[in-house]
Amino acid sequence: GLSRVNWTRFSSLRSLSIVNGQLATFESTQLGQVAARLEQLCFQANNLTSLSNTSLAGMTALKRLLIADELRLPPVPSGMLAQAPHLEQLVLSNVKYSNFSLSTLNTLSRLQSLSLHGSPLTTLDALGSTQLAVTSLNLSDTMLTSLSPTFFLPFPNLTSLDISHSRIVNCPNNTFDAIPLLQTLRWDVDPAFPEHVAVTARHLEPFQHLVSLSLDNHQASAPSIEQWRVQFAQRHPQIQSFSGASIGLTRIPPFLQHLNLTALHLADNKLTTWAKLKATQLTSLTLVGNQLERIPLNSLPAQGVVELQWAPAASPGIPYSSCTIGSTGWRCTCSNNTRPTNPLQPSDCEVMCTDYVVDKQVYAGMV
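How each quantity is defined
Residues numbered from 1 in each chain as written. Predicted model: local features only at pLDDT ≥ 70, side-chain atom pairs only at ≥ 80, totals over all residues. Heavy atoms only, no water. Helix = DSSP H or I, 4+ residues; strand = E, 2+ residues; numbered from the N terminus. Contact = heavy atoms within 4.5 Å. Areas by Shrake-Rupley, 256 points an atom, 1.4 Å probe, with all protein chains shown as cover. Core = buried A, V, L, I, M, F, W, Y, C linked by side-chain atoms within 4.5 Å. Buried < 20%, exposed > 50% of the residue type's maximum accessible area, 1.4 Å probe, protein only. Salt bridge = Lys/Arg side-chain N within 4 Å of Asp/Glu carboxyl O. Phe/Tyr/Trp six-rings, centres within 6.5 Å; stacked < 30°, edge-to-face > 60°. Lys NZ or Arg CZ within 6 Å of the ring centre and 35° of its normal. Pairing = 2+ DSSP bridges.

K.L.:
Any details on the overall build of the chain? Residues and values, ideally.
P.N.:
For the chain, the helix and strand inventory stands at 4 helices and 19 strands. Considering only contacts within the chain whose residues lie at least 6 apart along the sequence, 52% involve residues at least 24 apart. Accessible surface for the chain amounts to roughly 16300 Å². Of this, 50% is attributable to carbon and sulfur atoms.

This is how it looks when you write it as structure tokens:
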């Protein structure tokens, strides 16, 4: 057990991870004087069954607490976190919480990041909660089905939100009005649970500072996204990264032509034609799994990585081609799909790259 360790030998220890340790319970006294100096503490898959109000007693230097895959652990006691007033990051990942009381965080004035990833969470209990300093909130892979306009009231400082792979079927248009400082939104849908609320421009309207938006697998949202036009770009001019893989897009949404993007990912859609982008700073573009015949070279980034799909008419297989664009021209490598019967060889891809430059065309997904 931890109590048998000679902790005096680890006087400079600042980070401790206890993984697969068959640790049923934990008290800071088990770490001796090391407890007062630890800045990071991680428990993972230890079969923890209980923590107490005194589990973190004396751990005033603790900044990061990570608890993951502790499937038998009941909710954190309300007084435990108060013992670590300087906590900046709290991760409770894959623990069996269906409800989490935000009031347990009231004493954590320095808490910046909160993750409840992978928990069977159905709600956040804000009763008795103050407004939190949290800027990053991860609620991905939870059982959330509904978000209300009051849900985010305790998080006025939020700049990063991940609600991917949840099961949200109810989300009023004004749900996010309480978090106008948001810069990063990841709201990807789990393909195993395709029934999901459609994202509208009104949902995103409060985000004047939005920089990165990911809506992968949001197939219910395709009709809405295809109608986002120049007004959407004008309201969100700072967007630099957009990901809309497997949405079912049949055309390039007009708003993308008015943003100066650095990253654009539209894999596995139904695109047949291309539209010239304003994005002169684009360094990452993914278009695999579409039905595009050709893209003018001047529509693509001057440098960076482009992932395309190439399938000559004579080849029923569809291998992937990843082309890196640099000051010396195109450099391509090919890797094969699991189904090709007549795949391209890397040398073929290099020839194609040469042809791209000569023809001023890039070919992608010719089927």
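What follows picks up the thread again.
K.L.:
An account of the nonpolar core is needed here, citing residue identities and associated values.
P.N.:
Of all hydrophobic cores here, the largest spans 88 residues; its most connected members are Leu-65, Phe-152 and Phe-155. Elements with a minimum of two residues in this core: strand S1 (15-19), strand S2 (40-44), strand S3 (64-68), strand S4 (89-93), helix H2 (222-225) and helix H3 (230-235). Other than its neighbours up to four places away in sequence, Phe-152 contacts Leu-137, Leu-147, Leu-158, Leu-161, Thr-175, Phe-176, Ala-178 and Ile-179.

K.L.:
Any details on the pattern of salt bridges? Residues and values, ideally.
P.N.:
As enumerated under the stated definition, the model contains 2 salt bridges in all. For Arg-202, the salt bridge goes to Asp-177, with nearest N and O atoms at 3.1 Å. Taken together, the residues span a long stretch of sequence, with Arg-202 in helix H1 (residues 201-204) and Asp-177 in the loop between strand S9 (160-162) and strand S10 (184-186) at a distance of 25 residues. The partner of Asp-188 in a salt bridge is Arg-186, with the nearest N and O atoms 2.9 Å apart.

K.L.:
Tell me about the environment of Thr-159, and please be specific about residues and values.
P.N.:
In this fold, Thr-159 is placed in the loop between strand S8 (136-138) and S9. Among the residues examined, Thr-159 registers a relative accessible area of 24% and is labelled partly exposed. Separated by 22 residues in sequence, Thr-159 and Leu-181 have C-alpha atoms that sit 5.5 Å apart. Beyond its immediate stretch of four places on either side in the chain, Thr-159 contacts Thr-135, Leu-181, Leu-182, Gln-183 and Thr-184.

K.L.:
Describe in detail the packing of aromatic side chains, supporting the description with residues and values.
P.N.:
In total, this model carries 11 aromatic pairs according to the counting rule given. One aromatic cluster in this structure is built from Phe-151, Phe-152, Phe-176, Trp-187 and Phe-207. Positioned over the ring face of Phe-193 is Arg-167, at 3.5 Å from the centre of the ring.

K.L.:
An account of the pairing of S3 is needed here, citing residue identities and associated values.
P.N.:
Here S2 pairs with S3 via 5 bridges, running parallel. By the bridge assignment for S3, Phe-43 is matched with Ile-67. Pairing of S3 with S4 involves 5 bridges; the strand directions are parallel. Each residue of the ladder has a partner; that of Leu-65, found in S4, is Leu-90.

The analysis is restricted to geometry; functional conclusions fall outside its scope.
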